[in-house]
Amino acid sequence: MLKVVDSDSFMNEIKQLYDTAFPREERYLDFEPAVKQIEAANSGEKRGELVAFGEDNGETAGFVGFVMVLFCGNIAHLYYFAIHENLRGRKYGEQALNLLKERYKDRTIWLGVELPDENAENQQQRLRRKQFYYRNGFRDTDVSGEKNGCMLQMMSTDGMIDPDTLVRLDKMIDEMVAEGRRQQLNA
């Protein structure tokens, strides 16, 4: 059975999955500084959290996947969500989304998926990913946009996105990216 586990215990596995599950052009945030930034309180409120998933076999929990969640108003934005490649197709993604829906039941959950593009090398993956989210209760919104050359369609558990919240979240992400780049230059 899948459960939320302590992300600190699986930080190496999470970082490795982040590096392998997302193409370089989609890894907008330098991972370790981003984790520190989202978990830091901002005006008394966390910017987000890193959630790890493990399979509970009764004694220990083996690493299954993770999600980096950003908070903005009543939104829980699933910024990076990945299940270990060897464990895909076993309903772990569905179980993880159900855990997240319960964890964030007082928030609207939303995420961005790559828009289908018949010229993209990963066109079939894009279509499967979108169908996966449809099956798990997400709906298209009327918001799409470009992030670092990648066209994204926003999806939500309730199909609604407040434009002001979107602007605030986009600004927060841009600030996190800029801070990560500053830290890289100063390292």
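Scroll up to find the structure.
Basis of the calculations
Residues numbered from 1 in each chain as written. Predicted model: local features only at pLDDT ≥ 70, side-chain atom pairs only at ≥ 80, totals over all residues. Heavy atoms only, no water. Pairing = 2+ DSSP bridges. Helix = DSSP H or I, 4+ residues; strand = E, 2+ residues; numbered from the N terminus. Axes fitted to C-alpha atoms, helices over the stretch in contact; angles between N-to-C directions. Contact = heavy atoms within 4.5 Å. Core = buried A, V, L, I, M, F, W, Y, C linked by side-chain atoms within 4.5 Å. Buried < 20%, exposed > 50% of the residue type's maximum accessible area, 1.4 Å probe, protein only. Salt bridge = Lys/Arg side-chain N within 4 Å of Asp/Glu carboxyl O. Arc of directions from axis to C-beta. Phe/Tyr/Trp six-rings, centres within 6.5 Å; stacked < 30°, edge-to-face > 60°. Polar contact = N/O pair within 3.5 Å; in protein donor to acceptor, adjacent residues only side chain to side chain.

**Student:** Describe the sheet that holds strand S5 (residues 61–72), listing the residues and the values that go with them.
**Tutor:** Spatially, seven strands are ordered S1-S4-S5-S6-S7-S9-S8 in an open sheet, and the strand pairing comes out mixed. A single partner strand is all that each edge strand has here, and the edge strands are strand S1 (2–5) and strand S8 (139–147). Each adjacent strand pair in this sheet contributes to an overall mean axis angle of 35°, direction not counted. Summarising the sheet, S8 and strand S9 (residues 150–156) pair through six bridges and their orientation is antiparallel. Directly across from arginine 139, in S9, lies its bridge partner serine 156. Of the strands in this sheet, strand S4 (48–56), S5 and strand S6 (75–83) are in contact with helix H1 (residues 11–21), which crosses S5 at around 70°.

**Student:** Could you give an account of the nonpolar core, naming the residues involved and the relevant values?
**Tutor:** Across soluble globular proteins, nonpolar side chains have a tendency to be buried as a group. Ranked by size, the top nonpolar core spans 31 residues in total, and within it Ile14, Phe31, Phe66, Met68 and Leu70 carry the most contacts. For this core, the secondary-structure elements that each account for two or more residues are H1, helix H2 (31–39), S4, S5, S6 and helix H5 (163–186). Considering each element in turn, this core owes the most residues, six residues, to S5. The next biggest cluster of nonpolar side chains, apart from the first, holds 24 residues, and it includes Leu2, Phe53, Val64 and Met155.

**Student:** Tell me about the pattern of salt bridges, and please be specific about residues and values.
**Tutor:** Note that side chains of opposite charge can pair when their charged atoms are close. In this structure the tally under the stated criterion is ten salt bridges. Taking the shortest distance from any N to any O, the salt bridge between lysine 91 and glutamate 94 comes out at 3.9 Å. On the basis of relative accessibility, which here comes to 55%, the residue lysine 91 falls in the exposed class. By relative accessible area, which is 32% here, glutamate 94 ends up partly exposed. Between lysine 171 and glutamate 175 there is a salt bridge, with its nearest N and O atoms 4.0 Å apart. Of this pair, lysine 171 and glutamate 175 are both found in helix H5, four residues apart, which corresponds to roughly one turn of the helix.

**Student:** Please set out H1 residue by residue, giving values where relevant.
**Tutor:** Listed as buried for H1 are Ile14, Leu17 and Tyr18. Buried residues of H1, viewed axially, fall in a sector of 105°; they line one side. Structural note: H1 exposes Asn12, Gln16 and Thr20 on the side pointing more than 90 degrees away from its buried face.

**Student:** Could you give an account of the environment of glycine 48, with specific residues and numbers?
**Tutor:** Among the secondary structure elements, glycine 48 is positioned in strand S4. Each C-alpha atom of the pair glycine 48 and leucine 70 lies 4.1 Å from the other, and the pair is 22 residues apart in sequence.

**Student:** So what about the packing of aromatic side chains? Which residues, and what values?
**Tutor:** This structure, assessed with the given rule, holds nine aromatic pairs. Ring centres 4.9 Å apart and planes at 65° place the aromatic pair phenylalanine 22 and tyrosine 80 in the edge-to-face group. In this pair, phenylalanine 22 sits in the loop between H1 and H2 while tyrosine 80 sits in strand S6, placing the two residues 58 residues apart along the sequence. With a relative accessible area of 11%, phenylalanine 22 lands in the buried category. The exposure class of tyrosine 80 is buried, given its relative accessible area of 3%. One aromatic cluster is present, formed by Tyr18, Phe22, Tyr79 and Tyr80 through successive ring pairs.

**Student:** Which residues make up the environment of aspartate 6, and what values go with them?
**Tutor:** For aspartate 6, the location among the structural elements is in the loop between S1 and H1. Classification of aspartate 6 by relative accessible area gives partly exposed; the value is 45%. As for aspartate 6 and leucine 78, which are separated by 72 residues in sequence, their C-alpha atoms are 18 Å apart. At 3.0 Å, the side chain of aspartate 6 and the side chain of serine 9 are in polar contact.

**Student:** Got a sec to walk through unusual backbone geometry? Specific residues and values, please.
**Tutor:** At lysine 91, a residue that is not glycine, the phi angle is positive and equals roughly 75°. Mapped onto the secondary structure, lysine 91 falls in the loop between S6 and helix H3 (92–103).

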